[in-house]
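Summary of the model geometry
These are the residues of each chain, in order.
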Amino acid sequence: MAEITTTRTREREAIPGSEYERALQEIAAFIDLGKSGTMVVKDSDRDWELCRQGTVKFYLVPGEFSDTALQDWYVFVHDIKKQSGKHRHQGGLVLYVIEGEGATEVNGELVEWEEGDLILLPFHPDGIEHKHYNRGSGGSAKWLALIYKPVFDHVASELTQTEVYSEYQAGAG
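The model shown is predicted, which means the values in this text are computed figures rather than measured ones.

Regarding the pattern of salt bridges
This model, assessed by the stated rule, comprises nine salt bridges. Glu19 is the salt-bridge partner of Arg22, the closest N and O atoms lying 3.0 Å from each other. Of this pair, Arg22 and Glu19 both sit in helix H1 (residues 19–36), three residues apart, roughly one helical turn. For Glu19, a relative accessible area of 52% corresponds to the exposed category. One salt bridge connects Asp43 with Lys57, and the closest N-O pair in it is separated by 2.8 Å. Within this pair, whereas Asp43 is found in the loop between H1 and strand E1 (48–51), its partner Lys57 is found in strand E2 (residues 54–60), the two being separated by 14 residues in sequence.

Encoded structure:
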């Protein structure tokens, strides 16, 4: 029987600072984070904040919470006390109602919803201008937003505030 000999040629070392090597490292880090990043985001690890759109709690924000396994999602809860601010952006996102009942004005049309409903904001050439209302008697109306950033970016979505949440405005003086 003939003896098989293999010869391995040493590969050239990576050129430090090259864009290709940087891209390889970035992809490897993304995959590692997806495998080993935080998989459960505790409610107690996030805070409610008052913003121009209303009272929200962000669970995932691309680039903000760098320890989570998923980095391409905006996930947040909006607590609609009475009514939100109004803003416009492209559709293609999902709102899941987790508490209460209300309505969303979408490009001038009022759409009613209640706990357990799924609100789908559609794509529209001019974007979706919308405002949310709490229709409950004294309780909260809350929904969970799920926005996949690559889609949001792909459709060149803007984000324009057209009316500021009244409690936020009152805090400005």
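That shown, we press on.
Considerations on the sheet that holds strand E10 (residues 141–148)
Strand order in the open sheet made by the six strands is E1-E2-E3-E10-E5-E8, with antiparallel pairing throughout. Two strands lie at the open edges of the sheet, namely E1 and strand E8 (118–121), each paired on one side alone. Averaged over all pairs of adjacent strands, the angle between strand axes in this sheet comes to 30°, irrespective of strand direction. One ladder, built from four bridges, connects E1 with E2; its direction is antiparallel. Counterpart to Leu50 in the pairing with E2 is Thr55.

Here's the deal with a nonpolar patch on the surface
Side chains of Tyr96, Ile98, Leu118 and Leu120 sit close together on the surface and give an oily, nonpolar patch of about 380 Å² of accessible area. You can see Leu118 is positioned in strand E8.

What to know about the packing of aromatic side chains
One pass over the full model with this rule turns up three aromatic pairs. Ring geometry for Phe58 and Phe76: centres 5.1 Å apart, planes at 45°, overall tilted. In this pair, Phe58 is assigned in strand E2 and Phe76 in strand E3 (residues 73–80), connecting sequence segments 18 residues apart. Residue Phe76 is classed as buried on the basis of its relative accessible area, which comes to 13%. Of the aromatic side chains, those joined through ring pairs into one cluster are Phe58, Phe76 and Trp143.

Analysis parameters
- Residues numbered from 1 in each chain as written.
- Predicted model: local features only at pLDDT ≥ 70, side-chain atom pairs only at ≥ 80, totals over all residues.
- Heavy atoms only, no water.
- Salt bridge = Lys/Arg side-chain N within 4 Å of Asp/Glu carboxyl O.
- Helix = DSSP H or I, 4+ residues; strand = E, 2+ residues; numbered from the N terminus.
- Buried < 20%, exposed > 50% of the residue type's maximum accessible area, 1.4 Å probe, protein only.
- Pairing = 2+ DSSP bridges.
- Axes fitted to C-alpha atoms, helices over the stretch in contact; angles between N-to-C directions.
- Patch = residues over 30% accessible without salt bridge, like charges linked within 9 Å, V, L, I, M, F, W, Y side chains within 5 Å.
- Areas by Shrake-Rupley, 256 points an atom, 1.4 Å probe, with all protein chains shown as cover.
- Phe/Tyr/Trp six-rings, centres within 6.5 Å; stacked < 30°, edge-to-face > 60°.

The values are spatial; any link to function lies outside them.
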